[in-house]
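Below, each chain spelled out in residue letters.
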Amino acid sequence: QVQLVESGGGLVQAGNSLRLSCETSGLRFSMYTMGWFRQAPGKEREFVAGISWKGGNPYYADSVKGRFATSRDNAKNTVYLQMNSLKPEDTAVYFCAADWGAGVVSADQSDYNNWGQGTQVTVSS
């Protein structure tokens, strides 16, 4: 059974940092490109960041570029999202997702086969 479990969300003040983790099981993690998405209240889910199964060339949405960084540890079957200089507009539920066999990161959520349940990030002003 494939599972993706996010953790690390919480309430922080603007300007501070959070690190999200997504631990996976039941899949061959090293063969999956991993993505991060978020959904704010009343808005559609949007792409945030992704990293290919090769581990190089992470890809970021313009809204987080320079502030967020994603990385992966294939030995731990885990992907991370380091979020710095957080802004109130970063408030959302953050999801990790797995895209099997993709050599490049897709920003299209329909390309992702497996999803976590999400973790809430709230940034106060």
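Scroll up a little and you will see the structure.
Below is a short write-up of the structure. Computed from a predicted structure; not experimentally measured. (Residues numbered from 1 in each chain as written. Predicted model: local features only at pLDDT ≥ 70, side-chain atom pairs only at ≥ 80, totals over all residues. Heavy atoms only, no water.)

1. Digging into the overall build of the protein
Applicable threshold: Helix numbers and strand numbers start at the N terminus; a helix is a DSSP run of H or I with at least 4 residues, a strand a run of E with at least 2. C-alpha atoms define the radius of gyration in this analysis, and the globule rule sets the expected value at 2.2 Å times the number of residues to the power 0.38. Buried means the residue's accessible area, taken with a 1.4 Å probe over protein chains only, is under 20% of the maximum for its type, while exposed means over 50%, and partly exposed covers the values in between. The contact criterion used throughout is that any non-hydrogen atoms of two residues lie within 4.5 Å. Areas reported here follow the Shrake-Rupley algorithm with a probe of radius 1.4 Å; residue values treat only the protein chains shown as occluding. Residues counted as positive are Lys and Arg, residues counted as negative are Asp and Glu, and His and the chain ends are not counted. A charged residue contributes its charge at one atom only: NZ of Lys, CZ of Arg, CG of Asp or CD of Glu.
Across its full length, the protein carries zero helices and eleven strands. Starting at the N terminus, the α and β elements of the protein follow one another as β-β-β-β-β-β-β-β-β-β-β. The C-alpha atoms of the protein give 13 Å as radius of gyration, which agrees with the globular expectation for 125 residues (14 Å, within 12%). Principal-axis analysis of the C-alpha atoms gives the protein an extent of 40 × 25 × 25 Å. Looking at the 125 residues of the protein, the share that counts as buried comes to 45%. Counting contacts in the protein only where the partners sit at least 6 residues apart, residues at least 24 apart contribute 60% of the total. Accessible area for the protein stands at about 6,300 Å²; split by element, carbon and sulfur atoms hold 45% of it. Here the protein contributes 11 positively and 11 negatively charged side chains, and the mean placements of these two sets differ by 6 Å.

2. Quick look at the pattern of salt bridges
Spelled out, the test is: A side-chain nitrogen of Lys or Arg and a carboxyl oxygen of Asp or Glu constitute a salt bridge if their distance falls within 4 Å.
Overall, the coordinates contain four salt bridges when judged by the stated rule. With its nearest N and O atoms 2.7 Å apart, the salt bridge here joins D90 to R67. On the criterion of sequence distance, the pair formed by D90 in the loop between β8 (78-83) and β9 (92-100) and R67 in the loop between β6 (59-60) and β7 (68-73) is long-range, its members being 23 residues apart. Several salt bridges converge on common partners, so that one network encompasses R38, E46, R67 and D90.

3. Side note on the sheet that holds strand β3 (residues 18-25)
Hydrogen bonds along the backbone pair up the strands of a sheet, which may run parallel or antiparallel. The criterion, for reference: When DSSP finds two or more bridges between two strands, those strands count as paired. For helices, the fitted axis covers only the stretch in contact; all axes are lines through C-alpha atoms, and the angles between them, taken along N-to-C directions, range from 0 to 180 degrees.
Spatial strand order, β1-β3-β8-β7: four strands in an open sheet with antiparallel pairing. The strands lining the two open edges of the sheet, one partner per strand, are β1 (3-7) and β7. Across the sheet, the axes of successive neighbouring strands diverge by a mean angle of 15°, strand direction being ignored. Where β1 meets β3, five bridges bridge the pair, whose relative direction is antiparallel. Bridge pairing links L4 to T24 in β3.

4. Some thoughts on the nonpolar core
Defined as follows: Residues enter a nonpolar core if they are buried and are Ala, Val, Leu, Ile, Met, Phe, Trp, Tyr or Cys, with the set joined through side-chain atoms within 4.5 Å.
Residues M34, W36, V48, F68, L81, M83 and Y94 are the most contacted members of the largest nonpolar core, which totals 33 residues. Broken down by element, this core gets its largest block of residues, five residues, from β9. Setting aside its immediate chain neighbours within four residues, Y94 contacts E6, L20, F37, R38, V48, F68, L81, M83, G118, T119 and V121.

5. A closer look at the side chain of T33
Convention followed: Pairs of N or O atoms within 3.5 Å make up the polar contacts considered here, provided that, within protein, one atom can donate a hydrogen while the other can accept it, and that residues adjacent in sequence are counted only when both atoms are side-chain atoms.
Relative to the elements of secondary structure, T33 occurs in strand β4 (residues 32-39). Looking at T33, its side chain comes within polar contact range of the main-chain nitrogen of W53, at 3.3 Å. Residue contacts for T33: discarding those within four places in its chain leaves I51, S52, W53, R72, A97, A98, D99, A102, G103, V104, V105 and Y112.

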